[in-house]
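Chain by chain, the residues run as shown.
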Amino acid sequence: MTVLEAPAAPERPSAQDEGQLERATERRNRRTYLALLLPGLLGLLVSFVFPLAYMVRMSFNQGAPDGVIVETFTLDTYIQPLTDPYYWRVTLDTFQMGVTVGILCVIVSYPVALFLARSTSKWRGLLVAIAIAPLLTSAVVRTYGWMVILGTNGLINSSLGGLGLIDTPLKLTNNMTGVTIGLVEIFMPYAILAMISGFGRLSPQLEEAAGSLGASKFKVFTRVTLPLCLPGLLTAFLLVFVLSISTFITPRLLGGGSVQVLATEIYDQTTGLLNWPFAAALSVILLVLFGLIIAVYQRLTKKIGG
Amino acid sequence: MTEPKLSIVDLTKRYAADLDPAVDRLNMEVEEGHLVALLGPSGCGKTTTLRMVAGLMDPTAGSIVVDGKEITHTPVNKRGMGMVFQSYALFPHMNVEQNVAFGLEMRQVTKAEQKARVAAALDMVQLGHLGKRQTKELSGGQQQRIALARALVVEPTLLLLDEPLSNLDAKLRETMRTEIRAIQQRTRATTLFVTHDQDEALDMADRIAVMNGGLIEQFGSPTEVYERPRTHFVANFIGQANFLAARVGAETGRANLAGESHYKVEVDGLGQFGAIGSTGLSGSSHELVIRPHRLNVSLHPGAAQAPLAGTIERVSYTGDALAVAVRIGDQQLHAQMLTSSGDLPRIGDAAYLSWAADDAYLLPAAAQPVRLAA
């Protein structure tokens, strides 16, 4: 029998060695990741998890007059808002306001966001900065601005009155209309930002492809552009909804005390009536509302493949 | 000749008044059923030309005529072209069938007919079984085929392919090349194909338009542009070439029926040779083009008549090919040798070059290219 000389194998680690090396590196990397995460996690624990737990615990206490908190374990703080029609009304109003503001804000922000997302101009960066610049002014200042514009003797009413278009001033402040207008404008920058980051799948080439296949401009928009924007629109809606139902300043100022939502109610209970357990219970209810919406959002995004 | 399927007349695109035009008074006629490659380096205007034909971009001047009808200002959705994009541009929110059916739906074809035609189109690209898949679940090659099916299902007046193979890996690219060409020939779809890859163009096209700086340098069959380049740019861009500055002497006879002649030429430092070129070149300076694989290289003198002696300066062995650079005086010539099991030539070895007069082609243009690439 003859033995053929085998060609010399090139020198490289065997597959097994390589696999071990890979696993070791992976393990080391995982430890590094954990170490890097630790400061952030600790921060969250102290500033978020602990207060949240404290609030939930607080909601089971009993509030006595003059801000005295009786340490106990009762469901009274929940039974009251859940049985009192007034709180049902407030919760429903809050929800309705969130949805209305969310939808309107998405509608008015969409054209701006679409323009910015598509723009290839060298001014794009500047335009985006301008679109979100209102965030540099506090919501309080902008709310006061809206009060000046919408008030009984404000810009709109005096203009319309001066033109003889209306006899009695429109009631645009101290009601839900005013709050809605104010909130829509105040949250537009957030909506625009959320949309721009959510329009990732949109590309001019897809629209061109649709056009070349015979789609008119309108069809291109309804069949390609809009469906591809849906994830971004949904994210923007969710963000604005959450911000709206948790905001307190604008409903308080533009609502002038006649608009009661959960946030203003919680504020009153905390600072006015000093009933912290009750305020905590309302906060938990608001939190549950958030949770529900986020669950719906996740189902929807899965459905539209966002 | 019958009326061309597509005529492009003086088509010009200027992006800005102070820039050179991206496409400069381009003229081209494409015969029905032909696949024409627009070939050139990036920025030569090939994609701009395609986009103007597609209707995705307005020309600055000139006209586009399809089937005898001017469509220069027809909007994109009324042109009935089928376009395949470099990125495929499949709609991510639709499955494969919906993607392919889109063009039919826009043409308001009945549901039943849509179904049949979509199935036929998917079968044509051999992906009939993937109709219900989401596009993101497909590989690059599969997406490419779906894009092709989507463009062809509407029976387009012209099929426009914008670098369709550049996102595929090398192996797949060659398979798809053959497949696209086969489908194109079966459907007889008149096709414009943009590419920067000369192999693709030579392999697939009936005609190649070699573009440079917004101009067509040459428009001809693959063999024409390879064997009879009109300019230095074409000879250089398609395949490899040795260029030698030659003084053209007397015509020594008629070379062939195509009206070409044999000449005696003189190259500084190398001596006198026979060459071939179009008639009437005597007495001026022209560039001589010799393809590397047409140079005979021998490591021993005497194998050919009157060989040129030189030394090997560089050896490049790639398995099925062996390329060498040979220095003769101040000229460096590139040549291909057959690989054999024998010893490879080494740098510094003596080498002897020769070539046939028919393989030394005189460029018809003057010695300097008319327009240098920017």
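Residues numbered from 1 in each chain as written. Chains lettered and ligands numbered in written order. Predicted model: local features only at pLDDT ≥ 70, side-chain atom pairs only at ≥ 80, totals over all residues.

When helices and strands are counted, chain B shows eight helices and 20 strands. Principal-axis analysis of the C-alpha atoms gives chain B an extent of 75 × 50 × 40 Å. Restricting the contact set of chain B to residue pairs at least 6 apart, pairs at least 24 apart contribute 65%. (Helix = DSSP H or I, 4+ residues; strand = E, 2+ residues; numbered from the N terminus. Contact = placed C-beta atoms within 7 Å.)

Moving on, we get to the overall build of chain A. When helices and strands are counted, chain A shows twelve helices and two strands. Order of helices (α) and strands (β) in chain A, N terminus to C terminus: α-β-β-α-α-α-α-α-α-α-α-α-α-α. For 306 residues, the compact-globule estimate of 2.2 N^0.38 gives 19 Å, and the C-alpha radius of gyration of chain A, at 28 Å, exceeds that figure by more than 25%. In chain A, buried positions account for 31% of the 306 residues. In chain A, of all internal contacts separated by at least 6 residues, the share reaching a separation of at least 24 is 72%. (Rg over C-alpha atoms; globule rule 2.2 N^0.38 Å. Buried ≥ 20, exposed ≤ 12 C-beta atoms within 10 Å, placed from the backbone.)

What follows covers the packing of helix α2 (residues 96–106) of chain B against helix α4 (residues 140–152) of chain B. Residue and element names in this part refer to chain B. At a minimum axis distance of 7 Å, the contact between α2 and α4 shows a crossing angle of 30°. Here α2 is positioned roughly parallel relative to α4, judged by the angle of their axes. Where α2 crosses over α4, the handedness of that crossing is right-handed. Where α2 approaches α4, its residues Val96, Asn99, Val100, Phe102 and Gly103 are matched on the opposing element by Ile146, Ala149 and Arg150. Counted by class, the contact of α2 with α4 contains five nonpolar, two polar and one charged residues. (Axes fitted to C-alpha atoms, helices over the stretch in contact; angles between N-to-C directions. Parallel < 35°, antiparallel > 145°, perpendicular 65-115°, else oblique. Left-handed = near helix turned anticlockwise from the far one by under 90°. Nonpolar A, V, L, I, M, F, W, Y, C, P; charged D, E, K, R; others polar.)

This paragraph deals with the environment of Tyr317 of chain B. Residues and elements named next belong to chain B. The topology assignment puts Tyr317 in strand β16 (residues 308–317). In this structure the C-alpha to C-alpha distance between Tyr317 and Gly259, which are 58 residues apart in sequence, comes to 39 Å. Among residues more than four places away in sequence, those in contact with Tyr317 are Leu322 and Leu344.

Residue and element names in this part refer to chain B. The mixed open sheet is built from six strands, whose spatial order is β6-β7-β8-β3-β9-β10. The open sheet terminates on both sides in strands that have one partner only, identified here as β6 (82–84) and β10 (215–220). Pairs of neighbouring strands in the sheet enclose a mean axial angle of 15°, with direction left out of account. Sheet contacts for α4: β6 and β7 (159–162); angle to β6, the most-contacted strand, approximately 165°. (Pairing = 2+ DSSP bridges.)

So, on to the sheet that holds strand β2 (residues 23–30) of chain B. Residue and element names in this part refer to chain B. Taken together, the four strands give an open sheet; going across it, the order is β2-β1-β4-β5, and neighbouring strands pair in antiparallel fashion. Lying at the two open borders of the sheet, with one neighbouring strand each, are β2 and β5 (69–70). Of the pairings in the sheet, the one linking strand β1 (residues 6–13) to β2 comprises five bridges and is antiparallel in character. Bridging across to β2, Lys13 finds its partner in Val23. With respect to the sheet, helix α1 (residues 46–54) is in contact with β1, β2 and β4 (61–66), its orientation differing from that of β1 by roughly 120°.

Let us look at the interface of chain A and chain B. Between chain A and chain B, the residue contacts involve 17 residues of the former and 17 residues of the latter. Considering every element that reaches the side of chain A that touches chain B, the biggest residue donor is helix α8 (residues 204–212) of chain A, with seven residues. A class-by-class count of the residues in the side of chain A that touches chain B yields eight nonpolar, six polar and three charged.

Moving on, we come to the environment of Lys13 of chain B. Residue and element names in this part refer to chain B. Position of Lys13 relative to the elements: it lies in strand β1. What makes Lys13 buried here is the crowd of 21 C-beta atoms within 10 Å. Along the primary structure Lys13 and Thr60 are separated by 47 residues, whereas in three dimensions their C-alpha atoms are 4.8 Å apart. Contact partners of Lys13, with chain neighbours within four places excluded, come to Pro21, Ala22, Val23, Thr48, Met52, Met57, Pro59 and Thr60.

This part takes up the packing of helix α3 (residues 85–118) of chain A against helix α9 (residues 217–246) of chain A. Residues and elements named next belong to chain A. Packing of α3 against α9 brings their axes to within 8 Å, and their N-to-C directions diverge by 135°. In terms of their interaxial angle, α3 and α9 are classed as oblique. The chirality of how α3 crosses α9 is right-handed. The segment α3 lies against α9, with Thr94, Phe95, Met97, Gly98, Val99, Val101, Gly102, Ile103, Cys105, Val106, Ser109 and Tyr110 engaging Leu233, Ala236, Phe237, Val240, Phe241, Ser244 and Ile245. Counted by class, the contact of α3 with α9 contains 14 nonpolar, five polar and no charged residues.

In this section: the confidence of the model for chain A. Low pLDDT marks stretches whose predicted atomic positions should not be read closely. Confidence along chain A averages 88 in pLDDT terms, with 93% of residues attaining 70 or more. The model gives residues 1–10 of chain A a pLDDT under 50, and that stretch makes zero contacts with residues more than four places away or in other chains. (pLDDT = per-residue confidence, 0-100.)

Accessible area lost on assembly of the parts is the figure often given for the size of an interface. What the domain assignment lists for chain A is domain 1 (2–58) and domain 2 (85–305). One C-alpha centre belongs to domain 1 of chain A, the other to domain 2 of chain A, and the line joining them spans 41 Å. (Domains from an automatic or database assignment.)

With that settled, consider unusual backbone geometry. The phi torsion at Leu274 of chain A lies on the positive side, around 55°, for a residue other than glycine. Relative to the helices and strands, Leu274 of chain A is located in the loop between α11 (262–272) and α12 (276–304). One non-glycine residue, Tyr88 of chain B, adopts positive backbone phi at about 70°. The topology assignment puts Tyr88 of chain B in the loop between β6 and α2. Looking at Tyr88 of chain B, the number of C-beta atoms within 10 Å reads 23, which means it is buried.

Now for the pairing of strand β18 (residues 331–337) of chain B. Residue and element names in this part refer to chain B. Bridging between strand β17 (residues 322–328) and β18 involves seven bridges; their strand directions are antiparallel. The residue bridging Arg327 from the neighbouring strand is Gln332, located in β18. Counted between consecutive antiparallel strands, the loop separating β17 from β18 contains two residues, among which Gly329 sits at a positive phi close to 60°.

Turning our eyes to something else, we now look at the nonpolar core. The nonpolar side chains of a soluble globular protein tend to be buried, and buried together. If you look at the biggest cluster of nonpolar residues, it comprises 161 residues, and the most contacted ones within it are Ala191 of chain A together with Ala37, Leu160, Phe193, Ala209, Val210 and Leu362 of chain B. If we ignore the near neighbours within four places in the chain, the residues touching Ala37 of chain B are Phe193, Thr195, Ala201, Met204, Ala205, Ile208 and Ala209 of chain B. (Core = buried A, V, L, I, M, F, W, Y, C linked by C-beta atoms within 7 Å.)

This part covers the confidence of the model for chain B. All names here are of chain B. With 95% of its residues at a pLDDT of at least 70, chain B reaches an overall mean of 89. Residue range residues 367–374 is modelled with pLDDT below 50. Its contacts to residues more than four positions away, or to other chains, number 14 contacts. Two summary scores accompany this predicted model of the complex, namely pTM at 0.80 and ipTM at 0.83.

The next thing to look at is the environment of Asn157 of chain A. Residue and element names in this part refer to chain A. Within the secondary structure layout, Asn157 lies in helix α6 (residues 155–162). C-beta crowding within 10 Å serves as the criterion here: with 20 such atoms nearby, Asn157 is assigned to the buried category. The spatial distance from the C-alpha of Asn157 to the C-alpha of Lys171 is 8.9 Å, given a sequence separation of 14 residues. Those residues in contact with Asn157 that sit more than four places away from it in its chain are Thr152, Pro169 and Leu170.

Another point: helix α3 (residues 111–124) of chain B. One turn of an α-helix holds 3.6 residues; hence residues three or four places apart share an orientation. Residue and element names in this part refer to chain B. Under the 1.5 Å per step criterion, the end-to-end length of α3 is 20 Å for 14 residues, consistent within 8% with the ideal 20 Å. All buried positions along α3 are accounted for by Gln114, Val118, Ala121 and Leu122. Projected down its long axis, α3 carries its buried residues within an arc of 95°, all on one side. Those residues of α3 that are exposed and angled more than 90 degrees off the buried face are Ala112, Glu113, Ala116 and Asp123. Contacts from the buried residues of α3 go to α2 and α4. (Expected span 1.5 Å × (residues − 1). Arc of directions from axis to C-beta.)

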